[in-house]
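Close look at the chain arrangement
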Amino acid sequence: MRSSNPVFSRRGFSRDNGYAGFEAQHVQAGTATNPYASNPYAADPATGLPQAPARAGVMTIDDVVSRTALTLGTVILTAVLAWTLLPVDAANLNKSYGIAVGAALVAFVLAMVQSFKRKPTPALILGYAAFEGVFLGVISAATSTYIGAGVVIQAVLGTMCVFAAVLFAYKMRWIRVTRRFYGFVMAAALGFVLLMVANSLFALFGGGDGLGFRSGGLGIVFGIVGVVLGAAFLAMDFKQVEDGVTYGAPREESWLAAFGLTMTLVWIYLELLRLFQILSGDD
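Below, the structure is looked at part by part. (Residues numbered from 1 in each chain as written. Predicted model: local features only at pLDDT ≥ 70, side-chain atom pairs only at ≥ 80, totals over all residues. Heavy atoms only, no water.)

Comments concerning the side chain of Glu271
So the rule is basically this: Here a strand is any run of E in DSSP of at least two residues, a helix any run of H or I of at least four, and the numbering for each starts at the N terminus. Exposure classes here rest on a 1.4 Å probe applied to the protein chains alone. A residue is buried below 20% of its type maximum, exposed above 50%, and partly exposed in between.
Along the chain, the position of Glu271 falls in helix H8 (residues 253-279). Owing to a relative accessible area of 8%, Glu271 belongs among the buried residues under this scheme.

Dropping the structure here:
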């Protein structure tokens, strides 16, 4: 299992869209291309039912839901605490922003460490969620104070709607995650991230809006692109969860599923928050 986050991803699909880590084990054992070909617990293609009684220690949907609820709950809790305890008035705004940036950097480091580990570490994942929540809390509080609480509410509701819409479309098979889909999305995401980094550097050293990718009409276009990319990441997350449950991935992999879903939802929320800021007239 891997995260679909465009920055932190490292574990790719195998040729049959299985998980690279499990594939290696079966290749060494002489298994054919499908890394789960020898798994007696995999679903019967004809009936969709398990071919043998379920064994203990494998990932289930309940595992993914509970881990995701825990990580998202941590994000929300620390965001609320940051919103409440870190004032964003004129006298304290710079200090609160400094704490938020520091928290974002710590979250980035924790996510990078987890992304390069072979197995999930719950402490790293929950630590990422906690520090990411601090960053989101300060940014959301500042947006609510200087632009309006409606923008934050719109971003939250928008994130929920995107999640529900992608889940429905995926379950209806309107979205099919293939190798071509995966490659296209990751290439687009890389280009998007590089443009946003360039825009930030120009804004930092040149002042103003940088290259203009996050303001005005161009900012709206790039905000929509960011949300669409987030929706694509969600579809890839759903595919990986589905494969993990179907082919009997270890239960610990549910932590990586929660990790990927949390990062994707944070991505979508931030893109929508910025998009609604622009639409509200504050570039």
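Text resumes after the structure shown.
A closer look at the packing of aromatic side chains
How we decide: In summary, the pairing rule links any two rings of Phe, Tyr or Trp, Trp by its six-membered ring, whose centres are within 6.5 Å, and it sorts them by plane angle into stacked for under 30 degrees, edge-to-face for over 60 and tilted for everything else.
According to the stated counting rule, one finds 7 aromatic pairs in the structure shown. Ring geometry for Phe168 against Trp174: centres 5.4 Å apart, planes inclined by 80°, an arrangement best described as edge-to-face. A relative accessible area of 60% means that Trp174 is categorised as exposed. Summarising the aromatic geometry, the rings of Phe192 and Phe222 are spaced 6.2 Å apart at their centres and angled 35° between planes, so their arrangement reads as tilted. Highlighted residues: Phe192 in helix H6 (residues 179-206) and Phe222 in helix H7 (residues 216-246), separated in sequence by 30 residues.

With respect to the pattern of salt bridges
Here is the rule we go by: When a carboxyl oxygen of Asp or Glu lies within 4 Å of a side-chain nitrogen of Lys or Arg, that pair is called a salt bridge.
Enumeration according to the criterion identifies 4 salt bridges in this entry. A salt bridge links Arg67 to Asp63, with the nearest nitrogen and oxygen atoms 3.7 Å apart. Pair noted here: Arg67 and Asp63 are both in helix H2 (residues 61-85), with a separation of 4 residues, about one helical turn. The residue Glu242 makes a salt bridge to Arg173 at a minimum N-O spacing of 2.5 Å. With Glu242 in helix H7 and Arg173 in the loop between helix H5 (149-171) and H6, this pair connects stretches of sequence that are 69 residues apart.

Focus: the nonpolar core
As a rule of thumb, soluble globular proteins bury nonpolar side chains together. Condition: Remark: nonpolar core denotes a set of buried residues (Ala, Val, Leu, Ile, Met, Phe, Trp, Tyr, Cys) joined through side-chain atoms within 4.5 Å.
Tyr128 and Leu234 are the most contacted members of the largest nonpolar core, which has 63 residues in total. Sorting the residues of this core by element identifies H2, helix H3 (93-115), helix H4 (122-146), H5, H6, H7 and H8 as the ones contributing at least two each. The element best represented in this core is H8, accounting for 15 residues.

Focus on H8
The test is simple: Each residue after the first adds 1.5 Å to the expected span of a helix.
For H8, spanning 27 residues, the distance from its first C-alpha to its last is 39 Å, which sits close to the expected 39 Å at 1.5 Å a residue. Among the 27 residues in H8, 24 count as buried, and that is most of the element. Backbone geometry just after H8 places Gly281 at a positive phi near 100°.

What is shown is where atoms sit, not what they do.
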